[in-house]
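Below, each chain spelled out in residue letters.
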Amino acid sequence: MKVVQPINPGGSYNIIQTVYRLSRFSGLGDQIEDTASNIALALGPIIDGALTQNAQQLGVWTRVWGPCVYQTDKDCSGKGRVSKVADNVMYVAYNAQADCYVVAVAGTNGNRDTTYNWYDTDCLDNNVSVTVPYPMGITPTNSTNPSRSNIGNVSQGAAWGTTNLLNMLDPRTNQSLQTFLGTKESPKSTLVFTGHSLGGSLSPTLARWLYPSIFDVKRWNDVFVLPTAAPTTGDQGFVNYFSGLFVPTYITGIANYGYWNQVITNVYDVVPHGWTNLMNVQPHSVQNDVVWDYVKNQSIQTLYGPLTGVFGLDANLAYGTIHPLYERVPDPNPYVRLPSQFFMPSPLPAQPADFADFMTTVGQQHIDAYDAFFGVPATVARPKVSLLSASPGAGTKEGSAAVRNIA
């Protein structure tokens, strides 16, 4: 494993805590419903405010590109359909003390309005039955692919999400991310790509697309990726391609989570089980499956312990939520997990009493457990729990009947 010194942005937080917080700020506009341009216009000052209010912990960061917002006008089949939320968001922050740029990619939008907030779950998170050659299969109109050949495959959803990011144009300068970063390259500057959940799956795909060789990376002092809570979206070829350039790296002096170029993963988070081991993986274990048959119509074993209930109702709800997602994955399963660093939450999740408890725990382990692990306050931006629920609150007894079984 490569070893590097920590970056010092000037705040009380270490660099991993800092980048994680910057990552989560990308979702601060989830509750805004408007046009893409108006959401971006409103979100900019919100992010600026978060940077200013947290300067003591983060150091002084300035928003230098974006935020840019993608908003779809069609469904996954291409038929016209309106979205009024931010389907993808990305911005870049800069810290002069560390001479460091951070590209922050938003996770699945947490807006509860399913009338307008469906694209991320339907077309990106769960669009895994079809794979696309990487990187040449990703063909944005506002960026130029620097690669000349394919090495591996990624999900159709990851390809669409990465294309959306590469097509974004900064509303002030009309520059794509590729163009902007090209103007900032310096052997003294560091570049970091980061994201949580959906953002965690897209940030490695985006970084590797933009930087296909060591010669491209060496235009910077260093280029790193910090994905958290990410589902798996590529095959072995993609994993080899990514980790061959973005090698697993340890940061000296940062205990427990001082790593670059690896997915930081909670063992009890449902999302990183997609799309490699949702269920029916032998041997059945916490590390393998989210749910599996325990005693049919009486109990289902889950990541957090068995579920029972009258006539097996809660058990069947949990099994029925996961199984349709399991069936989306191509057979044989082409997905392979990126290099990862796993952690055990403290305290461990309690055994759920019913399906509502199960769904509540899913949200806590996908979101709150990461805040606690990194030792930072809960972030205002609360994304959907990818793969399972419509929002962190979907696990309540009132909301459990309306749970969507998609990201």
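Values in this document were obtained by computation on a predicted structure and should not be read as measured data.

Caption draft 1: Representation of the overall build of the protein within the structure. Secondary structure summary: the protein contains 11 helices and 15 strands in total. Taking 22 Å as the expected radius of gyration for a compact globule of 407 residues, we find that the protein reaches 20 Å, a close match to that expectation. When the backbone C-alpha atoms are referred to their principal axes, the protein occupies close to 65 × 50 × 40 Å. Looking at the protein residue by residue over its 407 residues, the buried ones come to 60%. Partitioning the contacts of the protein with sequence separation of at least 6, the portion at a separation of at least 24 is 73%. Roughly 15300 Å² of accessible area belongs to the protein as shown, and the carbon and sulfur atoms make up 52% of that amount.

Caption draft 2: Representation of the nonpolar core. Grouped together as the largest cluster of nonpolar side chains are 46 residues, with contacts concentrated most on Leu177, Leu181, Phe193 and Leu206. With six residues, helix α7 (residues 198-210) is the largest single contributor of residues to this core. Counting residues in hydrophobic clusters, the runner-up holds 42 residues, among them Leu22, Trp61, Tyr91 and Tyr370.

Caption draft 3: Summary view of the state of the cysteines. Evaluated as defined, the whole model comprises one disulfide. With its sulfur 2.0 Å from that of its partner, Cys76 forms a disulfide with Cys123. Here the S-S torsion is close to -95°, and the disulfide linking Cys76 with Cys123 is therefore left-handed. Here Cys123 lies in helix α4 (residues 119-125) and Cys76 lies in the loop between β2 (62-70) and β3 (88-95), a separation of 47 residues in the sequence. With relative accessibility at 31%, the residue Cys76 sits in the partly exposed group. Cys68 takes part in no disulfide bond, and the closest cysteine sulfur, belonging to Cys100, lies 19 Å away. A residue is classified by how much of its surface remains accessible, and Cys100, at 0% relative accessible area, is buried.

Caption draft 4: Structural context of the sheet that holds strand β10 (residues 259-260). Strand order across the open sheet formed by three strands is β1-β9-β10, with mixed pairing between neighbours. Each edge of the open sheet is held by one strand with a lone partner, namely β1 (2-4) and β10.

Caption draft 5: Main features of the environment of Trp65. The topology assignment puts Trp65 in strand β2. Take Trp65: its relative accessible area is 0%, and that puts it in the buried class. Taking the C-alpha atoms as reference points, Trp65 and Leu177, 112 residues apart in sequence, are found 7.9 Å from one another. Excluding anything up to four places from it in sequence, Trp65 contacts Met90, Tyr91, Val92, Met168, Asp170, Arg172, Gln175, Ser176, Leu177 and Phe180. At 3.0 Å, the side chain of Trp65 and the backbone oxygen of Gln175 are in polar contact.

Caption draft 6: Structural context of helix α9 (residues 236-245). Of the residues making up α9, those classed as buried are Phe238, Val239, Tyr241, Phe242, Ser243 and Leu245. Close packing links the buried residues of α9 with β6 (153-155), α7, α8 (214-217) and β8 (222-228).

Caption draft 7: Looking closely at the sheet that holds strand β13 (residues 299-302). In space, the three strands of this open sheet follow the order β12-β13-β14, with antiparallel pairing throughout. The open sheet is flanked by β12 (291-295) and β14 (305-307), the only strands paired with a single partner. Across the sheet, the axes of successive neighbouring strands diverge by a mean angle of 35°, strand direction being ignored. Helix α10 (residues 313-326) contacts β12, β13 and β14 of the sheet and is inclined by roughly 145° relative to β12.

Caption draft 8: Structural context of the pairing of β3. Within β3, seven of the eight residues are buried, leaving the element largely enclosed by the surrounding structure. Relative to β3, β2 runs antiparallel, the two sharing six bridges. Residue Tyr70 lies in a different strand from β3, and its bridge partner there is Asn88. Bridge analysis of β3 against strand β4 (residues 100-105) gives six bridges, and the strand direction is antiparallel.

Caption draft 9: Spatial organisation of helix α2 (residues 36-53). With 18 residues, α2 extends 26 Å between its outermost C-alpha atoms, agreeing within 8% with the 26 Å of an ideal straight helix rising 1.5 Å per residue. Those residues of α2 that are buried lie in contact with α1 (15-25), α3 (55-58), β2 and β3.

Caption draft 10: Just the environment of Ala230, in detail. Tracing the backbone shows Ala230 in the loop between β8 and α9. Here Ala230 falls in the buried class, since its relative accessible area comes to 6%. When the C-alpha positions of Ala230 and His196 are compared, they lie 6.4 Å apart, and in sequence the two are 34 residues distant. What Ala230 contacts, discounting residues up to four positions off in sequence, is Ser197, Gly200, Ser201, Val263, Val271 and Pro272.

Rules and cut-offs
Residues numbered from 1 in each chain as written. Predicted model: local features only at pLDDT ≥ 70, side-chain atom pairs only at ≥ 80, totals over all residues. Heavy atoms only, no water. Helix = DSSP H or I, 4+ residues; strand = E, 2+ residues; numbered from the N terminus. Rg over C-alpha atoms; globule rule 2.2 N^0.38 Å. Buried < 20%, exposed > 50% of the residue type's maximum accessible area, 1.4 Å probe, protein only. Contact = heavy atoms within 4.5 Å. Areas by Shrake-Rupley, 256 points an atom, 1.4 Å probe, with all protein chains shown as cover. Core = buried A, V, L, I, M, F, W, Y, C linked by side-chain atoms within 4.5 Å. Disulfide = S-S within 2.5 Å. Pairing = 2+ DSSP bridges. Polar contact = N/O pair within 3.5 Å; in protein donor to acceptor, adjacent residues only side chain to side chain. Axes fitted to C-alpha atoms, helices over the stretch in contact; angles between N-to-C directions. Expected span 1.5 Å × (residues − 1).

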